[in-house]
Amino acid sequence: MEDYRYKALQSLTRARYYAVTNLTREKQRFINVLFKKYSTMTQKKVFSDTFSTTALAVYEEFEFAEALEKMDLQELTAFIIEKGKNRFPDPDAVAKTIQKAALAKYAGLAWQQHQSGNFEAQTTRMIHSSNRFLKYYLCEAAFSLVRCDKEYRDFYNLKYKEVNRFQHKRALALTARKFVRLVFALFKDKRLYRSAE
């Protein structure tokens with residue numbers, strides 16, 4: 001095994017191992033930071049590849065999710081088309097999903113991430129960098145829907161049964177996020193809500 005060819009191969013494979021290990025560690029660090037800034041976008045998996053050219057362009061261009069929420073939809077769609085080199089089959093839908101996710105983050109209907117190594121906490125607090133008044137009234141409105149609308153009542157009950165701790169708080173927050181998407185659609189289409197019942 002003293003042959004120089006094996007020594008070269010050994011050096012190459014070890015260099016590759018360290019490069020891959022460092023890249024994996026840096027990617028995990030990036031994801032942790034990204035979760036704090038764009039938690040709802042990462043949870044909803046707006047981009048199938050977190051490190052795609054378009055995804056990275058969005059993260060670099062917009063420092064916080066709130067900037068995306070306030071951006072004109074047509075401008076955001078054009079941005080997605082440009083950065084994605086027109087490869088998205090429905091860039092308008094991508095832009096809408098991004099704005100919905102950003103709106104939930106602005107309202108504080110997202111969770112902090114508690115993670116260390118391979119461990120990820122199951123009970124985490126909701127983010128504090130948000131509009132607390134908006135968050136409060138969205139939750140109040142969502143709970144009213146739970147009481148009088150079957151679709152939202154079923155959704156709340158489903159989320160309530162998924163965990164063993166903080167069931168109401170979690171289910172209500174997730175229901176409020178669903179309600180945010182409804183509000184976004186109603187404002188965009190300029191129409192009133194009609195219950196399915």
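All values reported here derive from a predicted model rather than from experimental measurement.

Q: Got a sec to walk through helix H7 (residues 132–148)? Specific residues and values, please.
A: Taking 1.5 Å per residue as the helical rise, H7 with its 17 residues ought to reach 24 Å, and the 25 Å between its terminal C-alpha atoms agrees with that figure. For H7, the full list of buried residues reads Leu 138, Cys 139, Ala 142, Leu 145 and Val 146. Mapping the buried residues of H7 onto a view down its axis gives an arc of 120°, with all of them on the same face. In H7, the exposed residues that point more than 90 degrees away from the buried face are Phe 133, Tyr 137, Arg 147 and Cys 148. Buried residues in H7 make contact with helix H8 (150–160) and helix H9 (167–189).

Q: I'd like a description of the environment of Ala 78, backed by residues and values.
A: Mapped onto the fold, Ala 78 is located in helix H5 (residues 73–83). A relative accessible area of 41% means that Ala 78 is categorised as partly exposed. Counting along the chain gives 13 residues from Ala 78 to Pro 91, while the straight-line C-alpha distance between them is 8.2 Å.

Q: Could you give an account of the environment of Lys 169, naming the residues involved and the relevant values?
A: Note that Lys 169 resides in helix H9. When its relative accessible area of 56% is taken as the criterion, Lys 169 is described as exposed. C-alpha of Lys 169 to C-alpha of Cys 139: the two residues are 30 residues apart in sequence and 9.6 Å apart in space.

Q: Report on the pattern of salt bridges, specifying residues and quantitative values.
A: Evaluated as defined, the whole model comprises 6 salt bridges. Where Glu 151 meets Lys 178, a salt bridge forms, and the shortest distance between an N and an O atom there is 3.1 Å. Remark: Lys 178 occurs in helix H9 and Glu 151 occurs in helix H8; sequence separation between them is 27 residues. On the basis of relative accessibility, which here comes to 38%, the residue Glu 151 falls in the partly exposed class. Its salt-bridge partner being Glu 162, residue Lys 159 comes within 3.4 Å of it at the nearest N-O pair. In this structure Glu 162 comes out as partly exposed when scored by relative accessible area, which is 42%. Several salt bridges share partner residues, and in doing so they unite Lys 159, Glu 162 and Arg 170 into one network.

The rules behind the values
- Residues numbered from 1 in each chain as written.
- Predicted model: local features only at pLDDT ≥ 70, side-chain atom pairs only at ≥ 80, totals over all residues.
- Heavy atoms only, no water.
- Helix = DSSP H or I, 4+ residues; strand = E, 2+ residues; numbered from the N terminus.
- Expected span 1.5 Å × (residues − 1).
- Buried < 20%, exposed > 50% of the residue type's maximum accessible area, 1.4 Å probe, protein only.
- Arc of directions from axis to C-beta.
- Contact = heavy atoms within 4.5 Å.
- Salt bridge = Lys/Arg side-chain N within 4 Å of Asp/Glu carboxyl O.

Geometric descriptors of this kind do not, in isolation, establish any biological role.
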